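Reading the structure
Residue-level listing of the chains:
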Amino acid sequence: MGGLFDKNVDVLSKSLDMYLLRHSVIADNIANAETPFFKARKVDFETSLQRAIDTEAAGMSTGDRGIASVDPIIFEDAESEVGQDLNTVDMDREMSAMTKNDIQYSAAAEAISKKFALLKYCISEGGGGGG
Amino acid sequence: MADFFDSLDVSASALSAERLRMNTISSNLANAQTTRTPEGGPYRRKDPVFEAQPVESFKTVLNGAMDVPMHKVHVVDVVSDSGPPKMVYNPDHPDANPEGFVAMPNVNTMEEMVNMITASRTYEANVTAVNIARGMMAKALDIGRK
């Protein structure tokens, strides 16, 4: 670890990946909202990502790939009600989850952008590159 | 790992499935009074059958069981409702039976209207999903641009 890019960049880029995965799963649920027997799915990665961050903070290794090796858990939502046609997609819940996920993606993308902007500023000796 | 285009493909399949459902509903409403069809007898209500079909992309094949399968909406078939026709007393009608009853289509206008709203709302939800995916894609391209 160390080098030019610190751990934040790893965590943020992993988060971006995971938010994208979550969007895909939610889009999948919404697309199949009218498909008989379809079971809605959810993505959880925060728990395992937090665990990996804690492990590294404690000075222990998370493997060769570090934070990037965190695996998301995709599970069928047990709380959801079984509706008509044995379909478990709750449209309102999916729409709000999708919006929330979008905002989180934007926040992570913004944070990583700022991080890079800061690095650029440092590289150019804070003088805007003119020398 | 799923990518942007998988989610766009999935949403697009749902859009076309809902559009097909809308067309079926239009056909049902338009033919609510049709007593003659090529198959003979009155028009029968049509209903599409949807199926969740796992997406086979290059990546899912490459990653094997590691990948999360997404599901496209596949229209398996458009089936005819086997419910009995509505018998309406109208002796002057050319298609009336000897007792004076005409077999009318088994289309319930109220039911079709409700299905139409559902189809329309589901369509809108999928459009939102596409727009959000597009927004995320644009934001990803913007990283490091500032």
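Refer to the structure printed above.
Anyway, here's the lowdown on the structure attached to this text. Values in this document were obtained by computation on a predicted structure and should not be read as measured data.

Cut-off values and rules
- Residues numbered from 1 in each chain as written.
- Chains lettered and ligands numbered in written order.
- Predicted model: local features only at pLDDT ≥ 70, side-chain atom pairs only at ≥ 80, totals over all residues.
- Contact = placed C-beta atoms within 7 Å.
- Helix = DSSP H or I, 4+ residues; strand = E, 2+ residues; numbered from the N terminus.
- Nonpolar A, V, L, I, M, F, W, Y, C, P; charged D, E, K, R; others polar.
- Buried ≥ 20, exposed ≤ 12 C-beta atoms within 10 Å, placed from the backbone.
- Pairing = 2+ DSSP bridges.
- Expected span 1.5 Å × (residues − 1).
- Axes fitted to C-alpha atoms, helices over the stretch in contact; angles between N-to-C directions.
- Parallel < 35°, antiparallel > 145°, perpendicular 65-115°, else oblique.
- Left-handed = near helix turned anticlockwise from the far one by under 90°.

1. Things to note about the interface of chain B and chain A
On the chain A side, the residues contacting the 30 residues of chain B number 28 residues. If you list the elements that add at least two residues to the side of chain B that touches chain A, you get helix H1 (4-30), strand S1 (46-54), strand S2 (71-80) and helix H3 (109-142) of chain B. The dominant element in the side of chain B that touches chain A, judged by the number of residues it contributes, is H3(B), at eleven residues. Class assignment of the residues belonging to the side of chain B that touches chain A gives a composition of 17 nonpolar, eight polar and five charged.

2. Let's talk about the pairing of strand S1 (residues 41-44) of chain A
Residue and element names in this part refer to chain A. Here S1 shows one buried face, formed by Arg41 and Val43, and one open face, formed by Lys42 and Asp44. Where S1 lies against strand S2 (residues 73-76), four bridges are found, and the strand directions are antiparallel. Opposite Asp44, over in S2, you have Ile73 as the bridge partner.

3. What to know about helix H3 (residues 91-123) of chain A
In this model, H3(A) (33 residues) spans 48 Å end to end at C-alpha, consistent with the 48 Å of a helix rising 1.5 Å per residue. Here H3(A) has its buried residues at Glu94(A), Met98(A), Asn101(A), Asp102(A), Tyr105(A), Ala108(A), Ala109(A) and Ile112(A). On its buried face, H3(A) is in contact with helix H1 (7-31) of chain A together with H3 of chain B. Downstream of H3(A) by a residue or two, Glu125(A) has a phi angle that is positive, lying close to 55°.

4. Focus: the packing of H1(A) against H3(B)
Contact geometry for H1(A) and H3(B): axes closest at 9 Å, N-to-C directions at 165°. Relative to H3(B), the element H1(A) lies roughly antiparallel. For the element pair H1(A) and H3(B), the recorded crossing hand is left-handed. Each of Leu20(A), His23(A), Ala27(A), Ile30(A) and Ala31(A) in H1(A) lies in contact with H3(B), whose residues at this interface are Ala125(B), Asn126(B), Ala129(B), Ile132(B), Ala133(B) and Met136(B).

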